[in-house]
Amino acid sequence: MTDRIGLYPGTFDPFTLGHADIMRRGAKLVDRLIIGVTTNPSKDPMFSHDERMAMVAGEVARLGLTNVEIKGFDALLMDVAEREGASMILRGLRAVADFEYEYQMAGMNQQLNAGIETVFLMADISLQPIASKLVKEIAFYGGDIARFVSPQVRELVVARVNQLGRKGDGR
Ligand code: ADP
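The model shown is predicted, which means the values in this text are computed figures rather than measured ones. Counting restarts for each chain, with residues numbered from 1 along the sequence as it is written. Only residues with pLDDT of at least 70 get local features here, since the model is predicted, and only at 80 or more are side-chain atom pairs given and counted; chain-wide, interface and lining totals rely on the full set of residues. Computation of side-chain values covers all heavy atoms of the structure but excludes hydrogens and water.

Caption draft 1: Here's a closer look at the pairing of strand 2 (residues 32–38). Between buried and exposed lies partly exposed: a residue is buried under 20% and exposed over 50% of the maximum accessible area for its type, with that area taken using a 1.4 Å probe on protein chains only. What counts as a helix is a DSSP run of H or I of at least four residues, what counts as a strand is a run of E of at least two, and both are numbered from the N terminus. For strand 2, the tally of buried residues reaches six of seven residues, placing the bulk of the element in the interior. Judged from the six bridges that link them, strand 1 (residues 5–10) and strand 2 form a sheet pairing that is parallel. Paired with G6 across the two strands is L33, which belongs to strand 2. Crossover handedness is defined here as right-handed if the route from the first strand over the helix to the second strand goes clockwise, with the strands pointing away from the viewer. As for the winding sense of the linkage, the β-α-β connection from strand 1 through helix 1 (residues 17–27) to strand 2 is right-handed. What makes two strands pair is DSSP finding at least two bridges between them. Where strand 2 lies against strand 3 (residues 68–73), six bridges are found, and the strand directions are parallel. Each bridged residue has a counterpart across the sheet, and for I34 the counterpart in strand 3 is E69. In this region the chain leaves strand 2, passes through helix 2 (residues 49–63) and returns to the parallel neighbour strand 3; the handedness of that crossover is right-handed.

So, in structure tokens, the structure goes:
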């Protein structure tokens, strides 16, 4: 029998405990889960593509997930899924705000390739509010992000903020 392969795409800038939860739960649904780290230059990421790849690798190791691998991509998601032999795209759903965008994207992706299903996992209630964008904002203003990311990621974010300079210091 052929392996069931899933693809979990994202920017992961930075990788949060919400991402980790979806990755951990998603890995149970498939034989192999590929974490697809997008280059996404339009989002002007805090971490480079290589840094985000390494960050995700650290999280996979931290969680001891043996059926998860990491791949970078800068192409149409459905082309990547097909190339990798994935039969499902995995996405996490937080609040209603995620729904409209995710629904539209899943619909368009289905028209591009009806053989690949998008599967949504509801965010864990306690991790629901976590968003990479807010983690960065909190860190830039010197807030503690320990409840939103792993200790390893926290260290990386704090180091980057120190390098770039905190906001709100000049008042
Ligand atoms: P993208 O730029 O593709 O949206 P993100 O890194 O922001 O990349 O998110 C990747 C996926 O992880 C998305 O499906 C998003 O909804 C999901 N996600 C983000 N934060 C959480 C969270 N706290 N809980 C569950 N899923 C989440």
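Caption draft 2: Representation of the site of the ligand in the model. Residues in contact with the ligand amount to 18 residues; listed here are only the nearest, Y8, T11, F12, K43 and G92. With respect to the ligand, the side chain of H19 contributes an N or O atom lying 3.1 Å from an oxygen atom. For this analysis, a polar contact is any N or O atom pair within 3.5 Å, provided that within protein one partner can donate a hydrogen and the other can accept it, and provided that sequence-adjacent residues contribute only side-chain to side-chain pairs. Between an oxygen atom of the ligand and a main-chain N or O atom of G92, the distance comes to 2.6 Å. Computed with the Shrake-Rupley method and a 1.4 Å probe, the accessible areas treat only the protein chains shown as cover for residues. In isolation the ligand has 560 Å² of accessible area, and contact with the protein removes 91% of it. Nearness of a residue to a molecule or strand requires only that one of the residue's heavy atoms be within 4 Å of it.

Caption draft 3: Molecular detail of unusual backbone geometry. Residues D13 and P14 are joined by a peptide bond in cis, for which omega reads 0 degrees. Tracing the chain through its elements places P14 in the loop between strand 1 and helix 1. Look at D44: it is not a glycine, yet its phi comes out positive at around 45 degrees. Along the polypeptide, D44 turns up in the loop between strand 2 and helix 2.

Caption draft 4: Main features of the nonpolar core. If you look at the biggest cluster of nonpolar residues, it comprises 31 residues, and the most contacted ones within it are Y8, M23, L33, I35, V68 and V157. Broken down by secondary-structure element, the contributors of at least two residues to this core are helix 1, strand 2, helix 2, strand 4 (88–93), helix 5 (132–140) and helix 6 (151–164). For this core, the element with the most residues is helix 1, which contributes four residues. What M23 contacts, discounting residues up to four positions off in sequence, is Y8, F15, L33, I35, E59, V60, L63, L65 and V68. One finds I5, I34, F73 and I89 within the second-largest nonpolar core, a separate group that totals eleven residues. Buried Ala, Val, Leu, Ile, Met, Phe, Trp, Tyr and Cys residues form a nonpolar core when they are joined through side-chain atoms within 4.5 Å. When checking whether two residues touch, look at their non-hydrogen atoms; a contact exists if any pair is within 4.5 Å.

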